[in-house]
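Analysis of the macromolecular model
Below, each chain spelled out in residue letters.
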Amino acid sequence: MSEIIKENTEIKCSDLVGEKSNTEKKIIFSGAQPSGKMTLGNYLGAIKNWTMFQDDYECYYSVVDLHAITVPQDPATLRRQTFELLAQYIACGIDPEKCTLFIQSHVIEHLELMWVLNTMTYMGELNRMTQFKDKAKKSELNLNAGLFTYPVLMAADILLYQADLVPVGEDQRQHIELTRDLANRFNNRFSDTFKIPEGFMPKEAARVMSLQDPSKKMSKSDSDPNAFILLADDSDAIARKIKRSVTDSVGVVRYSDEQAGIKNLIDIYANLSGKSVEEIVSMYEGKGYGVFKQETAEIVVETLRPIREKYLYLLENKDYLKEIYASGAVKAQAKARKTLRKVYKKIGFVARER
Ligand code: TYM
């Protein structure tokens, strides 16, 4: 398979928009699961990049609740977390005036296209998905079919909107490759229908690692709260978690795989400060981990403070959030229906009478 992932945050949006006029804006789709609180990993790997595209692209960002129920969710918690995630999208700088924000289960077309794609996906392809293998290991007692076909739903999400670009973290790379394969397969069988999307990953921090075990990715489902930083964490919690983060006994701030904990902090620092890895390493030459950790913590605290404040404010304004997702669903559905109508026609379904 050809290299598909644009791994370069240096790209300017205007470069990506290229020659196209405003009426032909390129399309972005992405989403996150309301299955817990947003971490710094979600922010740096994905949501921060979503904001980059909103001026020049037609952007669709979804709270993917249908995906979340592939692992058991408490109903009241799921409902609350759906609101919280939507509030966090906006608090992170996504402007609902510029982007379409919606809740996935409000646009039924996702499930309809998923079914069509299910009939074209091979069991072998899904068996090879590393996320499925990982999750299957963790939930042997609840190995439901949804967990297995999860990547097909994700492909449907992306293809429904004819997305050009999908900003995600590194862990979604294989799912995007499958999406491209399915789009090509459909196009080859039934003639051109879907755009072939590309992934977009940040240069640093495409995979933010756990603060307690830097060989694992930072995950909101980690049982150790010291392993992750939440966007809603207060300044003390952030500083404490970074101070306690696992490093090594080398004692020199260097960007090396042998010093995975320090490497992870450098990535975070670089992403948030805009400084290069080399600059950061030279800034801390001859200084210990203590001062490096303290200054990394300061940057994270200063970045997340306004996000947390806006998030808490938005949570008090549920009616506003309802307006956003209600109008978002209408816009998203119009776009999705258009694609689905084409799909149904191509595969030979009789058109609905009005
Ligand atoms: P989810 O909810 O696990 O995560 C949301 C986004 O955050 C990124 N991410 C990370 N990036 C860097 N370092 C980390 N430690 C880290 N943890 C999470 C994820 O890569 C993701 O971009 N399957 C998706 C949701 C989804 C989706 C889609 C995404 C459903 N349909 C269509 C794009 C397009 C997921 O579970 O993301």
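Residues numbered from 1 in each chain as written. Predicted model: local features only at pLDDT ≥ 70, side-chain atom pairs only at ≥ 80, totals over all residues. Heavy atoms only, no water.

Description of the domain arrangement of the protein
As assigned here, the protein comprises domain 1 (5-205 + 318-347) and domain 2 (225-314). For domain 1 versus domain 2, the separation of C-alpha centres amounts to 29 Å. Across the domain 1/domain 2 interface, buried area totals approximately 1700 Å², and carbon plus sulfur atoms make up 70% of it. Together, L40, A91 and E204 form the three largest contributors to the area buried by domain 1 at its contact with domain 2, with a combined 33%. (Domains from an automatic or database assignment. Buried area = accessible area lost by both parts, 1.4 Å probe.)

Quick notes on the pairing of strand β3 (residues 99-103)
Burial within β3 is extensive, with five of its five residues counted as buried. On β3, burial covers both faces: C99, L101 and I103 on one face and T100 and F102 on the other are all buried. As paired strands, strand β2 (residues 58-63) and β3 are joined by five bridges and run parallel to one another. What sits directly across from Y60, in β3, is T100. (Buried < 20%, exposed > 50% of the residue type's maximum accessible area, 1.4 Å probe, protein only. Helix = DSSP H or I, 4+ residues; strand = E, 2+ residues; numbered from the N terminus. Pairing = 2+ DSSP bridges.)

Some points on the packing of aromatic side chains
Inspection of every chain in the model, using the stated rule, returns 16 aromatic pairs. Centre to centre, the rings of W50 and Y61 are 4.6 Å apart; their planes meet at 10 degrees, and the pair counts as stacked. With W50 in helix α2 (residues 40-53) and Y61 in strand β2, this pair connects stretches of sequence that are eleven residues apart. Exposure class is identical for W50 and Y61. Each is buried. Look at Y284 and F292: their rings are 5.1 Å apart centre to centre, the planes differ by 65 degrees, and that puts the pair in the edge-to-face class. Residue classification places Y284 among the buried residues on the basis of a relative accessible area of 1%. Here the aromatic cluster, defined as three or more aromatic residues joined through ring pairs, consists of F29, Y60, F102 and Y161. If you follow K318 out to its NZ or CZ, it ends over the ring of F83, 5.0 Å from the centre. (Phe/Tyr/Trp six-rings, centres within 6.5 Å; stacked < 30°, edge-to-face > 60°. Lys NZ or Arg CZ within 6 Å of the ring centre and 35° of its normal.)

Regarding the site of the ligand
Around the ligand, a shell composed of 26 residues is seen, among which Q33, Y150, D157, D171 and V208 lie nearest. Note that an oxygen atom of the ligand is positioned 3.4 Å from one of the side-chain N or O atoms of K220. Burial of the ligand by the surrounding chains reaches 96%, relative to a free accessible area of 710 Å². For the shell around the ligand, the secondary structure elements donating two or more residues are β1 (27-32), α2 and α8 (145-160). Class assignment of the residues belonging to the shell around the ligand gives a composition of 13 nonpolar, nine polar and four charged. (Near = heavy atom within 4 Å. Polar contact = N/O pair within 3.5 Å; in protein donor to acceptor, adjacent residues only side chain to side chain. Areas by Shrake-Rupley, 256 points an atom, 1.4 Å probe, with all protein chains shown as cover. Nonpolar A, V, L, I, M, F, W, Y, C, P; charged D, E, K, R; others polar.)

Let's talk about unusual backbone geometry
Phi is positive for Q162, which is not a glycine, with a value near 55 degrees. Tracing the backbone shows Q162 in the loop between α8 and β4 (165-167). The class for Q162 is buried, based on a relative accessible area of 13%. At S191, a position not held by glycine, the phi torsion is positive, near 85 degrees. Assignment of secondary structure puts S191 in the loop between α9 (173-190) and β5 (198-200).

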